[in-house]
Amino acid sequence: MQDRSVQTKKRQEKLKDLILRLHDGEDEEVIKKEFAKEFQTVSPLEISVMERKLMKEEGLSAEEIMRLCNVHVAVMADYVENPDNIPDDFSKSGHPVHVLKEENLALEAALMRVRNLLEVYLKEPDPELEKGLNHQLDILWGFDKHYARKENSFFPIMEKYGNTAPPQVMWGVDDEIRDLFKALRDALKADEKDQLMPIFSELEYEMQEMIVKEENILIPMVTEDFTDEDWMMITDEMDDIGYCIVKPMAKWEPARAKSEMAEESKMQTNRIQLGTGSLSHKELDIILDSLPLELTFVDKDNIVQYYNNQPGEKLLGRTPSAIGRDVMNCHPPKAHETVTQLMQDLRDGKKDKQAAWYRRKDGVMVYITYAAVRDEEGEFLGILEYVQDITELVEIEGENRDVNA
């Protein structure tokens, strides 16, 4: 046991040394040869541990690791070992892994269509070609939902099992890809033809690299930890988040029926005593879900404890995976500084509320409020976020006192 522990430690140190040398600018081919000499295979878990060590012991940020993430993949991709015990369910329609792989195939095809159309358009600009190009870009934008499923369904479960570094790094790259896509749309709209192919080529490269990371690193990594219950939770959330280009033919269920995995909790019959009356659990749930607000409560330890679930399309969607999650992990790395400062100001009493608002491309006016929650003695209990569609409110003119109108 001790020999194995020493060997594991040596592998980690060597792996960390090679990656740090890459970060310092040493020639990639030199590192690749040394890597091949030292490692026959490397597990996704080792990569995860190495990234955590770089962040914790060497002070590298998620952004710094993300910056050379593609180099890491180029060096290690051929040596990442895939688990021998890949579950049969992964190949079944509707399983989250099968959906992810099918969407990746669709994304590769979409990238090819955009490239072919873009090459023709740049040679002979034509309004109809531009219209077709915009249509293909609309299809390609489906990757946003593909990435959102990772960020809101896969990552919380990974964090539960201690894999915190890979989600942060991957989320950062996801956002960079989103920014590249928006830059491409902006260049097309501004008729900056000389910028279109350079931006698209970078976008294409990053998206293809992300496909490699998802299938060669992410999937093997989660295979070691995720249970049927975890996969079922992701499956239940997929319809809410949406799909990328293709949709599964059937809904996946494990061999062991969902009803056998967990019995539904029985609603308590006793009423909840409130300051000005009482409500049953059912009444309270329905009332909170009926409010024209999307509510989220984060407790004093920064843990997401509750969100209401209104019917219809959400302004800022939440999934059950958010419950019990550190709120910081619900935001991309680039937002951490802003979120941390806001939470500290609300906690310290420098602010009681903070509001933000913006108009979406579809014309909907979104108003977000972050409010400190305190008890009678002023002790900080957490933060309540409430989001509302105020489109009709900002357009109100005059008066209407007739409630029957």
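Placed above this text is the structure.
What counts as what
Residues numbered from 1 in each chain as written. Predicted model: local features only at pLDDT ≥ 70, side-chain atom pairs only at ≥ 80, totals over all residues. Heavy atoms only, no water. Core = buried A, V, L, I, M, F, W, Y, C linked by side-chain atoms within 4.5 Å. Buried < 20%, exposed > 50% of the residue type's maximum accessible area, 1.4 Å probe, protein only. Helix = DSSP H or I, 4+ residues; strand = E, 2+ residues; numbered from the N terminus. Contact = heavy atoms within 4.5 Å. Patch = residues over 30% accessible without salt bridge, like charges linked within 9 Å, V, L, I, M, F, W, Y side chains within 5 Å. Areas by Shrake-Rupley, 256 points an atom, 1.4 Å probe, with all protein chains shown as cover. Salt bridge = Lys/Arg side-chain N within 4 Å of Asp/Glu carboxyl O. Lys, Arg positive; Asp, Glu negative; His and termini not counted. Charge placed at Lys NZ, Arg CZ, Asp CG, Glu CD. Polar contact = N/O pair within 3.5 Å; in protein donor to acceptor, adjacent residues only side chain to side chain.

K.L.:
If you had to explain the nonpolar core to someone new, which residues and values would you point to?
P.N.:
Of all hydrophobic cores here, the largest spans 48 residues; its most connected members are Leu-140, Leu-203, Met-207 and Trp-231. Listed by contribution, the elements that provide at least two residues to this core are helix H6 (96-123), helix H7 (127-140), helix H8 (143-160), helix H9 (165-189), helix H10 (193-223) and helix H11 (228-241). For Leu-140, the contacting residues outside a window of four places in its chain are Leu-107, Ala-110, Leu-111, Val-114, Phe-181, Leu-203 and Met-207. If you look at the next biggest cluster of nonpolar residues, it comprises 12 residues, including Val-304, Met-343, Leu-346 and Ile-383.

K.L.:
Help me get a handle on a negative patch on the surface, residues and values and all.
P.N.:
A contiguous patch of negative charge on the surface is contributed by Asp-389, Glu-392, Glu-395 and Glu-397. Classification of Glu-392 as exposed rests on a relative accessible area of 66%.

K.L.:
Talk me through the environment of Arg-271; I want residue IDs and the actual numbers.
P.N.:
Mapped onto the elements of the fold, Arg-271 is located in the loop between helix H12 (258-261) and strand S1 (272-274). On the accessibility criterion, Arg-271 (38% relative accessible area) is partly exposed. Between the C-alpha atoms of Arg-271 and His-281, which are 10 residues apart in sequence, the distance is 6.9 Å. Those residues in contact with Arg-271 that lie beyond four places of it in its chain are Ser-278, Leu-279, Ser-280 and Glu-283. A distance of 3.0 Å separates the side chain of Arg-271 from the backbone oxygen of Ser-278, its partner in a polar contact. A polar side-chain atom of Arg-271 sits 2.9 Å from a polar atom in the side chain of Glu-283.

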